[in-house]
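A closer look at the structure
Spelled out from the first residue to the last, the chains are:
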2 protein chains.
Amino acid sequence: MPILRQDPLTGEWVIIATERARRPETFASKVEEREAPPPRVDSCPFCPGNEHQTPSEVLVYRKNGKNSEGAGKGVGELYLDDTDWDVRVIPNKFPALERDPNAPRKMPSSRCELFLSHQGYGVHEVIIETPWHNRHLAELSVREVEMVLRSFQERTKALARDVQLRYVQIFRNHKKEAGASIEHPHCQLLALSYIPPLLNKEYARSHDFYLEEGRCLLCSLIEMEEASGQRVVLQNDRYIAYIPFAAPLPFSAIIAPREHYSSLEVSPAGWEKDLAPLLKRFLGILAEKLEDPPYNFYLHVAPLRTPPLAYFHWHLEIIPKLTVVAGWEMATGTFINVTRPEEAADYLRMPRKEMAGALKS
Amino acid sequence: MPILRQDPLTGEWVIIATERARRPETFASKVEEREAPPPRVDSCPFCPGNEHQTPSEVLVYRKNGKNSEGAGKGVGELYLDDTDWDVRVIPNKFPALERDPNAPRKMPSSRCELFLSHQGYGVHEVIIETPWHNRHLAELSVREVEMVLRSFQERTKALARDVQLRYVQIFRNHKKEAGASIEHPHCQLLALSYIPPLLNKEYARSHDFYLEEGRCLLCSLIEMEEASGQRVVLQNDRYIAYIPFAAPLPFSAIIAPREHYSSLEVSPAGWEKDLAPLLKRFLGILAEKLEDPPYNFYLHVAPLRTPPLAYFHWHLEIIPKLTVVAGWEMATGTFINVTRPEEAADYLRMPRKEMAGALKS
């Protein structure tokens, strides 16, 4: 029988439709076959050598010592080894929001005004994760992933100085099918003058729980996930990756620090050290077991400039794009998940050897 | 400069990103080219002659007089003219929800329970709109569209007799890219034991507005849309189709009765007469001007068995799938619309002749 499960973080009910269940291995991505891209693409504005085609960096991590080992490598690779940056953060050339000092600070609010509008105030940046056109996060070194994560924190802290900004939303679209219009590996950052509604919902739920139970909702969830283990995919000393109890879509996952931190702003130095290998490994598992599916990931954190919050716990959500979000989801704002979260976790944990067997059978 | 607009029905802010604006004609659908399907497909369970492959009808509209004019038609078309039904409503063979008399009636509710689940109770039906495999709503006769609409009302009224059901969600997915897994033209109906969150949000906003202003929010919006005319696409005596002020995505539209009715249940006999030609025409315009894009549409109505509600006004929302819903939307629950609603309406209103000119320039 179909089961409804409530997402403890948002309060929404998800239909787990076992009658239409699909075996995990049937999800292997149905993405249009494309040739593997080369390490550098002349026409790509994010590739080394084309830095002048983008706005100037707001943050750049330069290589300490240039690596000039090039024996046996092609021209593109030689060039990439000579590139003097690891991560570049630049303003988006086609921003969804801009920072106009004359923009009114407060969003108008009224229950009865029919047509309320507001000058969009905000910042839209692109985090170019690597000089390599063809290396995604799962293929970078742990040190390189660390740098990408560090840039999230550094840009958040820098943007927090603008008191008109209330929230920084960092997200990643992997592949065209998941909304990436430029192939070169990158994340996006949108800094907003308001709190997005899904965050408001999570804050409110977490706050209610805290008032009633005296502890953090996500701390409690992580503890229970660790105790049962059935939905945990990966874990190390400081982070956990699991398929949540009411995952909205097949294989959607949460990665969170096991210790309580409400945002990147208040996370201690070195916070990214244990996250980088876990994130790299999790994305590697997705790529390996679901044939490199398109996906989105995004961070949910406390509002900007908020001191450590006892009730909110930052986390990263990863949503592989394996099914089409359609009329039902648009109409209701809820989801039908055709794969039980426990089965999804089992499948992602399965050693490669057994998996080959499962696929054959 | 980018502009934020508040959706008066939901209260959410939409970013209208003029900096990344795309001219309406650049949206012409980028759907994989497929051969036009034939009028009947042997392997299609919804095609005439395969009725035994589906569960029995819960509602069927039979043809009054068989039309046997077949001169000059192919075998498939002859067969279709001989089919004795116009619309068939059947239980979904792979239901997302089922009606188990032993299912607990009330959804559990708690702010502090971590893992709440509930046996899914509900009904999942498919409305086969026509015997023709290759004729979508825009291509049916007005009389045939009327029958499809009438089936929405008739099934809603029938399901309302089950007091465990609280809401009927009717929706349509057009084309694979918008979630249609079967090509044969059909809608879906899900009857639920709870109110979906987007509906709750619309009810609450409309209710607040009613208490403060003493009138219906959507009645007020329609009046203002009619007065300005700038976002109206089509209108007849009883219905209006317009691009809302804060359309979440390019060309998303609302069709609503100009007179106040809160649901199909309480709509008077003949309610579908003026809607059928307007809906047919609107979908025809989308197909003509945006190269038959994938789309979703869905109804938003009052809860089941609710007497006429002064504060809520039923409507149909149509969302062409022209852009990819990606990390931003998943992260925040809000949208970035790259086409100003006024321009979208202009483009859809433009006579074909001028359009050809606009496309050339």
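Here the structure is a predicted model, which is why all the values come from computation and not from measurement.

**A word on the overall build of chain A**
If you tally the helices and strands in chain A, you get eight helices and 14 strands. Across the 361 residues that make up chain A, the buried fraction comes to 59%. Considering only contacts in chain A between residues 6 or more positions apart, those separated by 24 or more positions represent 74%. Summed over its atoms, the accessible surface of chain A is roughly 14,500 Å², and 50% of this surface lies on carbon and sulfur atoms.

**Notes on the pattern of salt bridges**
Residue and element names in this part refer to chain A. Using the criterion set out here, one finds 38 salt bridges over all chains in the structure. One salt bridge connects Arg-258 with Glu-226, and the closest N-O pair in it is separated by 2.5 Å. Separated by 32 residues along the polypeptide, Arg-258 in the loop between strand 11 (253-257) and helix 5 (275-289) and Glu-226 in helix 4 (residues 217-228) bring together distant segments of the chain. A salt bridge links Asp-346 to Arg-349, with the nearest nitrogen and oxygen atoms 2.5 Å apart. With Asp-346 and Arg-349 both in helix 7 (residues 341-349) and three residues apart, this pair spans about one turn of that helix. Residue Asp-346 is classed as partly exposed on the basis of its relative accessible area of 42%. Three or more residues are tied together by salt bridges with common partners; here these are Arg-5, Glu-225, Arg-231, Arg-340 and Glu-342.

**Regarding the interface of chain A and chain B**
At the interface, 77 residues of chain A touch 77 residues of chain B. Roughly 6,600 Å² is buried in total at the junction of chain A and chain B, and carbon and sulfur atoms are behind 69% of that figure. Along the contact surface separating chain A from chain B lie zero salt bridges. Linking chain A to chain B there are 14 residue pairs in polar contact (both at pLDDT 80 or more). The biggest single contributor to the side of chain A that touches chain B is helix 3 (residues 197-213) of chain A, with eight residues. Residues that form the side of chain A that touches chain B fall into these classes: 43 nonpolar, 18 polar and 16 charged.

**Describing the sheet that holds strand 2 (residues 13-16) of chain A**
Taken together, the four strands give an open sheet; going across it, the order is 14(A)-2(A)-1(A)-5(B), and neighbouring strands pair in mixed fashion. The outermost strands of the open sheet, each flanked by one partner alone, are strand 14 (336-337) of chain A together with strand 5 (117-119) of chain B. Pairing of strand 1 (residues 3-6) of chain A with strand 5 of chain B involves three bridges; the strand directions are antiparallel. Opposite Arg-5 of chain A, over in strand 5 of chain B, you have Ser-117 of chain B as the bridge partner.

**Re the pairing of strand 1 (residues 3-6) of chain B**
Residue and element names in this part refer to chain B. Bridge count for strand 1 against strand 2 (residues 13-16) is four bridges, and the pairing is antiparallel. Paired with Gln-6 across the bridge in strand 2 is Trp-13. Connecting strand 1 to the antiparallel partner strand 2 that follows it, the hairpin turn spans six residues, and Gly-11 within it adopts a positive phi of roughly 85 degrees.

**Quick notes on the packing of aromatic side chains**
All chains considered together, the criterion is met by 14 aromatic pairs over all chains. Geometrically, the ring pair formed by Phe-115 of chain A and Phe-245 of chain B is tilted, given 4.8 Å between the ring centres and 40 degrees between the ring planes. With Phe-115 of chain A in the loop between strand 4 (85-91) and strand 5 (117-119) and Phe-245 of chain B in the loop between strand 10 (239-242) and strand 11 (253-257), this residue pair bridges two chains. Exposure remark for Phe-245 of chain B: the relative accessible area of 8% places this residue in the buried category. For the pair Trp-328 of chain A and Phe-171 of chain B, a centre-to-centre distance of 6.3 Å together with 55 degrees between the ring planes defines the contact as tilted. Taken together, the positions of Trp-328 of chain A in helix 6 (residues 327-332) and Phe-171 of chain B in strand 7 (residues 167-174) put the pair across two chains. For Phe-171 of chain B, a relative accessible area of 3% corresponds to the buried category.

**Details of the packing of helix 5 of chain A against helix 7 of chain A**
Residues and elements named next belong to chain A. One way to put it is that helix 5 packs onto helix 7 with a least axis distance of 10 Å and a crossing angle of 90 degrees. With respect to helix 7, the axis of helix 5 lies roughly perpendicular. Contacts from Phe-282, Ile-285, Leu-286 and Lys-289 of helix 5 reach helix 7 at Tyr-347, Leu-348 and Arg-349. Residue classes in the contact of helix 5 with helix 7 are distributed as five nonpolar, no polar and two charged.

**Observations regarding the sheet that holds strand 11 of chain B**
Strand pairing in a sheet relies on backbone hydrogen bonds, with the paired strands running either antiparallel or parallel. All names here are of chain B. Here we have 10 strands laid out as an open sheet, ordered 3-4-6-8-7-12-13-11-10-9, and antiparallel in their pairing. A single partner strand is all that each edge strand has here, and the edge strands are strand 3 (59-62) and strand 9 (232-235). On average, adjacent strands in this sheet sit at an angle of 15 degrees to one another, irrespective of strand direction. Docked against the sheet, helix 5 (residues 275-289) engages strand 9, strand 10, strand 11, strand 12 (295-300) and strand 13 (315-320), running at close to 145 degrees with respect to strand 9.

**Some words on the side chain of Ser-263 of chain A**
Residue and element names in this part refer to chain A. Mapped onto the secondary structure, Ser-263 falls in the loop between strand 11 and helix 5. At 3.4 Å, the side chain of Ser-263 and the backbone nitrogen of Val-266 are in polar contact. With sequence-adjacent residues up to four places away left out, Ser-263 is seen in contact with Val-301, Ala-302 and Trp-314.

**Structural notes on the packing of helix 2 (residues 142-159) of chain B against helix 5 of chain B**
Residue and element names in this part refer to chain B. At a minimum axis separation of 8 Å, helix 2 and helix 5 run at an interaxial angle of 105 degrees. With respect to helix 5, the element helix 2 is oriented roughly perpendicular. Listed contacts from helix 5 to Val-142, Val-145, Glu-146 and Leu-149 of helix 2 are Leu-275, Ala-276, Pro-277, Leu-279 and Lys-280. Classifying every residue of the contact of helix 2 with helix 5 gives seven nonpolar, no polar and two charged.

**Topic: the relation of the copies chain A and chain B**
Two copies of a chain can be linked by a rotation about an axis combined with a shift along that same axis. Once turned by 180 degrees and shifted 0.0 Å along the axis, chain A lies on chain B with an RMSD of 0.0 Å. Expressed as a symmetry operation, the mapping of one chain copy onto the other fits a two-fold axis. Same-surface contact between copies: 100% of interface residues of chain A are shared with the interface of chain B.

**Observations concerning the confidence of the model for chain A**
Residue and element names in this part refer to chain A. This prediction gives chain A a mean pLDDT of 90; 89% of its residues lie at or above 70. Across residues 65-75, where pLDDT falls below 50, the model places seven contacts with residues more than four positions away in sequence or in other chains. For this predicted complex, the interface score ipTM comes out at 0.90, alongside a pTM of 0.92.

So, how was this worked out
- Residues numbered from 1 in each chain as written.
- Chains lettered and ligands numbered in written order.
- Predicted model: local features only at pLDDT ≥ 70, side-chain atom pairs only at ≥ 80, totals over all residues.
- Heavy atoms only, no water.
- Helix = DSSP H or I, 4+ residues; strand = E, 2+ residues; numbered from the N terminus.
- Buried < 20%, exposed > 50% of the residue type's maximum accessible area, 1.4 Å probe, protein only.
- Contact = heavy atoms within 4.5 Å.
- Areas by Shrake-Rupley, 256 points an atom, 1.4 Å probe, with all protein chains shown as cover.
- Salt bridge = Lys/Arg side-chain N within 4 Å of Asp/Glu carboxyl O.
- Buried area = accessible area lost by both parts, 1.4 Å probe.
- Polar contact = N/O pair within 3.5 Å; in protein donor to acceptor, adjacent residues only side chain to side chain.
- Nonpolar A, V, L, I, M, F, W, Y, C, P; charged D, E, K, R; others polar.
- Pairing = 2+ DSSP bridges.
- Phe/Tyr/Trp six-rings, centres within 6.5 Å; stacked < 30°, edge-to-face > 60°.
- Axes fitted to C-alpha atoms, helices over the stretch in contact; angles between N-to-C directions.
- Parallel < 35°, antiparallel > 145°, perpendicular 65-115°, else oblique.
- Least-squares fit on C-alpha atoms with pLDDT ≥ 70 in both.
- pLDDT = per-residue confidence, 0-100.

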